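Residue-level structure breakdown
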Amino acid sequence: MTFPSGSVAIVGVYESPRRRAPGMHPFYIQAEVVAGALKDAGIEPHEVDGFATAAGLATESAWQFATAELAEYLGITPKWMDNSDVGGPATLSQITHAVAAINAGLCETVVISYGALGRSSLLPMPDYNSGHDGPGQWEVPYGLSTITAYALAAQRHMHEFGTKPEHFAQISVQARANAASNPDAMYRDPITVDDVLNSALLSSPLHKFDCCVVSDSGGAIVLTSAKRAAQFTKQPVYVLGGGEAIGQIQMNQMHDMTKTAAQRSARDAFERAGITHDEVDVAQLYDSFTVTVLLALENLGFVGPGEAGAFIEDGNLAPTGSLPFNTDGGGLSSNHPGRRGTLATIEAVRQLQGRSPGVQLDNPKIALVNGTGANLSTNSTLILGV
Amino acid sequence: MTAEKIRLEPLMDDYSKEWWDAAAERKLLIQRSPSSGEVFFYPRWLTPGTLAERPEWVEASGRGTIYTFSVVNFNANPEFREDCPYVFAIVKLEEGPHMTTRIVDIDPDEVRCDMPVEVDFRSLGGETIFPVFRPARSGAAVEGA
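Residue numbers run consecutively from 1 along every chain, following the written order of its sequence. Throughout, the order in which chains and ligands are written sets their labels, letters from A for the former and numbers from 1 for the latter. Local features in a predicted model are, by the rule used here, given only for residues with pLDDT of at least 70; side-chain atom pairs are given and counted only at 80 or more, and totals for whole chains, interfaces and linings are based on all residues. Water and hydrogen atoms play no part in the side-chain values, which are based on all heavy atoms of the structure.

**As for the overall build of chain A**
Labels follow the DSSP assignment, with helices taken as runs of H or I lasting at least four residues and strands as runs of E lasting at least two, numbered in each case from the N terminus. In terms of regular secondary structure, chain A is built from twelve helices and eleven strands. Here chain A has a C-alpha radius of gyration of 19 Å; the compact-globule value for 386 residues is 21 Å, and the two agree. Each principal axis of the C-alpha atoms in chain A carries an extent, and together these give about 55 × 45 × 45 Å. Exposure categories follow from relative accessible area, calculated using a 1.4 Å probe and restricted to protein chains: below 20% of the type maximum is buried, above 50% is exposed, and the middle band is partly exposed. When burial is assessed residue by residue, chain A has 64% of its 386 residues classed as buried. Sequence-distant contacts in chain A: of pairs separated by 6 or more residues, those separated by 24 or more amount to 75%. Of the roughly 13,300 Å² of accessible surface on chain A, 53% is carried by carbon and sulfur atoms. Under the convention used here, Asp and Glu are negative, Lys and Arg are positive, and both His and the chain ends fall outside the count. In this description, the location of a charge corresponds to atom NZ of lysine, CZ of arginine, CG of aspartate or CD of glutamate. Looking at charge distribution, chain A has the averaged site of its 23 positive side-chain charges lying 4 Å from that of its 38 negative ones. The reference for a compact globule is 2.2 Å times residues^0.38; the radius of gyration itself is calculated from the C-alpha atoms. Contact criterion: two residues are considered in contact whenever any of their non-hydrogen atoms come within 4.5 Å of each other. Per-residue and other accessible areas follow the Shrake-Rupley method at a 1.4 Å probe size, with only the shown protein chains counted as cover for residues.

Structural data, given as structure tokens:
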């Protein structure tokens, strides 16, 4: 059986314009973004029969009951749910699952949401991705943070391929340039490579400006069958392909830190979409850190191993380049409340509909979205088209 | 107000405690599949991949090379804030497996990938004795680097 490419469409999206929301509860943001996406689609809440969320730590119960807590809070009664919170790429994975569910007749109209107070949470949010029991007992107590996990991969990439801190910095500089025209972006003032290299060296070789912003925000996406999507006035954005893959979680299991699970998620997504890399007009790549983007470029197959530094240096990521990326400013400059896959997908949809709040490209037809979760652990790729 | 030092110690179970008890006796253990002879780390209850058997403990030589590292100048977690700067690293043991550790007894600016190192056993500020690595004293090249 082949993937039902183009059988499901995204018909509504909404990204919260909030970036700092102290005093709010994340459910307020979830309610706002679900309302916004449904309004964008022209669909009433009672028509929603499938619901997926990645609420992370922003629930009362821990996250196993996120769909129940939020469906109750929103006042919807879905007959299909997906609570697979796999971190950064959660929304991407949930979209791929929703395509299968809609095609299997389990539901017809799905809302996928995320909202969190990444910045102002009332709940403690420890910065490590596994516990200090079980496998994590041989890693976490040595002092691993998320920044350090990605720094390890950046260091090895520099050692093997001669990649320079300047290459990482250029990713951040381009993201900021894209954010300049996005009125909602958290940071919009241009920065230079020197600004990045002169920012605090948090965990070598990563500087402060190699890291994403931390915001209070969220977003939601509405999907339905392509058949039903034809009824709506807005240009539907079709899910052409999706793929997901699992890497390691403990960094001591990642014996080659230049190779990530993106290789497998992208291979499947491209094969299912039936397109080639040359056909991708715009990429929305998870940018928790600059190195996340650099590794994605190689592992998604846009360039070969060790070639990403030169590719970036040649200006390929700019709006005028061969692969414009993160056109809204991305997580590096615009918005990162956690699980940014939601927002990366929303920006891909806005690009394909000609309504990016950042740098709108000239009539793009195919967008690739890639999400990276935890410590280069979970990975999901979507290929969307109009 | 004086902040009480918080130390994130390994949360051991009865089985993993065998490994930590060995470390306290200055022995670095890895595991081996009895049927294939393949060695691996971190410790598992069943051999990963085949799930066919209980692995056996074997003592590692304690020699290896630095696969990668980061000099940590900032950690938002209060457990590690006072340790900064420290060198967090992944060491490739000469037997093959990678393990997470810290590099000690060296100026952080001098640490390099593929540098030969050898194990030592230290407290990181709490009660647990952790395997850490320092530059190899012999300076001899390590095979399989």
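**Concerning the packing of helix H3 (residues 90-103) of chain A against helix H12 (residues 341-352) of chain A**
Residue and element names in this part refer to chain A. Inter-axis angles, ranging from 0 to 180 degrees, are taken between N-to-C directions of lines fitted to C-alpha atoms, where helices are fitted over the stretch in contact. At a minimum axis distance of 6 Å, the contact between H3 and H12 shows a crossing angle of 65°. One finds that H3 runs roughly perpendicular with respect to H12. Contact residues: Thr-91, Leu-92 and Ile-95 in H3; Gly-341, Thr-342 and Thr-345 in H12. Here the term charged refers only to Asp, Glu, Lys and Arg, the term nonpolar to Ala, Val, Leu, Ile, Met, Phe, Trp, Tyr, Cys and Pro, and the term polar to all other amino acids, Gly among them. Considering only residue class, the contact of H3 with H12 consists of two nonpolar, four polar and no charged. Under this scheme an angle from 65 to 115 degrees is roughly perpendicular, one under 35 degrees roughly parallel, and one over 145 degrees roughly antiparallel; angles in between are oblique.

**Brief notes about empty space enclosed by the protein**
Residue and element names in this part refer to chain A. Only protein atoms enter the calculation, which uses a 1 Å grid: trapped sets of points that fit a 1.4 Å probe without letting it out are cavities, open sets showing protein on both sides within 12 Å along at least five of seven lines are pockets, and any residue with an atom within 4 Å of a point is a lining residue. Grid points are joined across faces, edges and corners, and a volume is the space filled by probe spheres set on the points. Tallied over the entire structure, the rule returns two cavities of 30 Å³ or more. Taken as a whole, the largest cavity holds about 40 Å³ of empty space. Of the residues in the lining of the largest cavity, the class split is three nonpolar, four polar and one charged. There is about 30 Å³ of room inside the second largest cavity. Considering the residues around the second largest cavity, the lining is formed by Thr-260, Ala-262, Thr-292, Leu-295, Ala-296, Asn-370, Thr-372, Leu-376 and Asn-379. Listing elements by their share of the lining of the second largest cavity, those giving two or more residues are helix H9 (290-299) and strand S10 (366-373). Among the residues forming the lining of the second largest cavity, the class breakdown is four nonpolar, five polar and no charged.

**With respect to the sheet that holds strand S1 (residues 29-32) of chain B**
Residues and elements named next belong to chain B. Whether two strands pair comes down to DSSP finding at least two bridges between them. With antiparallel pairing, three strands are arranged side by side in an open sheet as S2-S1-S3. Single-partner strands in this sheet number two, and they are strand S2 (39-40) and strand S3 (56-59). In this sheet, S3 lies alongside S1 in antiparallel orientation, the contact comprising four bridges. Across the sheet, Ile-30 pairs through a bridge with Val-58, a residue of S3.

**Comments concerning the sheet that holds strand S2 (residues 50-53) of chain A**
Residue and element names in this part refer to chain A. Spatially, nine strands are ordered S3-S2-S4-S7-S1-S8-S11-S10-S9 in an open sheet, and the strand pairing comes out mixed. On the outer flanks of this sheet lie strand S3 (80-82) and strand S9 (282-285), each paired with one strand and no other. The average angle at which neighbouring strand axes cross in this sheet is 25°, direction not considered. Strand direction decides the pairing type here: S10 and strand S11 (residues 378-385), joined by eight bridges, are antiparallel. Residue Ala-367 lies in a different strand from S11, and its bridge partner there is Leu-384. Against the sheet, helix H1 (residues 26-41) engages strand S1 (8-15), S2, strand S4 (109-117) and strand S7 (216-225), with an angle of about 145° to S4.

**Topic: the nonpolar core**
By size, the foremost hydrophobic cluster in this structure holds 92 residues, and its most contacted members are Leu-297 and Ile-383 of chain A together with Leu-28, Ile-103 and Phe-133 of chain B. If one sorts the elements of this core by residue count, helix H4 (residues 146-161) of chain A sits on top with eight residues. If near-sequence neighbours (up to four positions away) are discounted, Leu-297 of chain A is found in contact with Leu-285, Phe-302, Val-303, Ala-308, Phe-311, Ile-312, Leu-317 and Leu-323 of chain A. To form a nonpolar core, buried Ala, Val, Leu, Ile, Met, Phe, Trp, Tyr and Cys residues must be joined to one another through side-chain atoms within 4.5 Å.

**Section: the pattern of salt bridges**
In what follows, salt bridge is the name for a side-chain nitrogen of Lys or Arg lying within 4 Å of a carboxyl oxygen of Asp or Glu. Using the criterion set out here, one finds 27 salt bridges over all chains in the structure. Residue Asp-40 of chain A is joined to Arg-355 of chain A by a salt bridge in which the shortest nitrogen-to-oxygen separation is 2.8 Å. Of the two residues, Asp-40 of chain A is situated in helix H1 and Arg-355 of chain A in the loop between H12 and S10; the sequence distance between them amounts to 315 residues. Among the ionic pairs, Arg-134 of chain B bridges to Glu-118 of chain B, the shortest N-O distance being 3.2 Å. Of this pair, Arg-134 of chain B sits in strand S8 (residues 129-135) while Glu-118 of chain B sits in strand S7 (residues 116-123); the two residues are 16 residues apart in sequence, bridging distant segments of the chain. Residue classification places Arg-134 of chain B among the buried positions, given a relative accessible area of 12%. Bridged by salt links that share partners, the residues Glu-15, Arg-19, Asp-287, Asp-328, Arg-340, Glu-347 and Arg-350 of chain A form one connected network.

**Some remarks on unusual backbone geometry**
Here the amide bond leading from Phe-41 of chain B into Tyr-42 of chain B is cis, since omega sits at 15°, within 30 degrees of zero. With respect to the secondary-structure elements, Tyr-42 of chain B resides in the loop between S2 and S3. Residue Cys-84 of chain B is joined to Pro-85 of chain B through a cis peptide bond whose omega torsion reads -5°. Looking at the secondary structure, you find Pro-85 of chain B in the loop between helix H2 (78-81) and strand S5 (86-93). In the Ramachandran plot, Leu-376 of chain A falls in the positive-phi region, its phi being about 55° despite a non-glycine side chain. Here Leu-376 of chain A shows up in the loop between S10 and S11.

**A word on a nonpolar patch on the surface**
Patch membership requires more than 30% relative accessible area and the absence of a salt bridge. Residues of like charge join within 9 Å; the nonpolar side chains Val, Leu, Ile, Met, Phe, Trp and Tyr join within 5 Å. A grouping of Trp-45, Leu-46 and Leu-51 of chain B is seen on the molecular surface, where their side chains present a nonpolar patch of about 320 Å² in accessible area. According to the relative accessible area criterion, Leu-46 of chain B is partly exposed, its value standing at 33%.

**Focus on the side chain of Thr-148 of chain A**
Here Thr-148 of chain A is to be found in helix H4. Judged by relative accessible area, Thr-148 of chain A falls into the buried class, the value being 0%.

**Some words on the interface of chain A and chain B**
On the side of chain B, 43 residues touch chain A, which itself brings 35 residues to the contact. With its nearest N and O atoms 3.1 Å apart, the salt bridge here joins Asp-114 of chain B to Arg-156 of chain A. Within the residue set of the side of chain A that touches chain B, elements represented by two or more residues are H4 and strand S5 (201-203) of chain A. It is H4 of chain A that provides the largest number of residues to the side of chain A that touches chain B, a total of seven residues. Partitioning the side of chain A that touches chain B into residue classes produces 15 nonpolar, 14 polar and six charged.

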